[in-house]
Amino acid sequence: MGTLSDTVSVPVLGVFISGRGSNFQAIHRAIQSGVLSARIGLVISDRDADGLVYANANNLPCVVCPRSDFSTQADHDAAMLEQCQRAQVNWIVLAGYMRILSAGFLANYPDKVLNIHPSLLPKFKGLHPQRQALAAGESESGCTVHYVIPEVDSGPIILQHRVPIYDGDTEAQLSARILEEEHKAYVAALKIVLGDDE
Ligand code: GRF
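A short tour of the structure in this document, coming up. (Residues numbered from 1 in each chain as written. Predicted model: local features only at pLDDT ≥ 70, side-chain atom pairs only at ≥ 80, totals over all residues. Heavy atoms only, no water.)

### Considerations on the nonpolar core
By size, the foremost hydrophobic cluster in this structure holds 38 residues, and its most contacted members are L13, F24, I27, Y186 and L190. With 8 residues, helix α7 (residues 171-193) is the single largest residue contributor to this core. Aside from chain neighbours lying at most four places away, what touches L190 is L13, I27, L36, V93 and L114. Listed in part, the 21 residues of the second largest apolar core include V12, F16, V63 and Y109. (Core = buried A, V, L, I, M, F, W, Y, C linked by side-chain atoms within 4.5 Å. Buried < 20%, exposed > 50% of the residue type's maximum accessible area, 1.4 Å probe, protein only. Helix = DSSP H or I, 4+ residues; strand = E, 2+ residues; numbered from the N terminus. Contact = heavy atoms within 4.5 Å.)

Okay, here's the thing in structure tokens:
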């Protein structure tokens, strides 16, 4: 006889990473501890990212899809799309993925692609947002989880977490303070979009 967990389907996440993958790990831990009801169906990286060590250690299916293996971005995105579809992914979670997904890819997952950015968008889009916030003399910053649209760092905002900026903060100190909030914010945002926050 099957168990309840055999019959109840949970959302399947495809997590895209390029680096250490600490947001990915925070999401996985939230799932493991029962805080978030979802399953990671696939981890995709465009390079030999540190986060893959954790994925492998936790027996999560993962695939490395380097851009240099494909002649065009469209081919690269098509290959990743095929991997996601094969893994029956229904939500795409960008967690430090350092490439821009094409409009063609996004069209296959309408309103189902999320990103986290370490600033209070719409402030400080693009690279090094923590450095930008310090240079602008801000007294606070934070992170934003948002839906992904073709225009970078511009989709509808799901939520933001704020942190103070202290006199003399270095970029590394501010980044670490924001990152701690990112881990909570991404889980909270996923609970909202997955309807798991009642
Ligand atoms: C995070 O600061 C995220 O906001 C940004 O890239 C960084 C990725 O960190 N998009 P990690 O790989 O999740 O540790």
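Still more ground to cover, so stick around.
### Here we look at the pattern of salt bridges
Inspection of the entire model under this criterion finds 9 salt bridges. One salt bridge connects D46 with R47, and the closest N-O pair in it is separated by 3.0 Å. The exposure class assigned to D46 is buried, which follows from its relative accessible area of 5%. The salt bridge partner of R86 is E82, with a shortest N-O separation of 2.8 Å. In this pair, R86 and E82 both sit in helix α4 (residues 73-86), 4 residues apart, roughly one turn of the helix. For R86, a relative accessible area of 57% corresponds to the exposed category. With a relative accessible area of 45%, E82 lands in the partly exposed category. (Salt bridge = Lys/Arg side-chain N within 4 Å of Asp/Glu carboxyl O.)

### Remarks on the pairing of strand β2 (residues 39-45)
With 6 of 7 residues buried, β2 lies mostly within the body of the structure. Summarising the sheet, strand β1 (residues 12-17) and β2 pair through 6 bridges and their orientation is parallel. Paired with G14 across the bridge in β2 is L42. Handedness of the β-α-β unit built from β1, helix α2 (residues 22-32) and β2 comes out right-handed. (Pairing = 2+ DSSP bridges. Right-handed = clockwise from strand over helix to strand, strands pointing away.)

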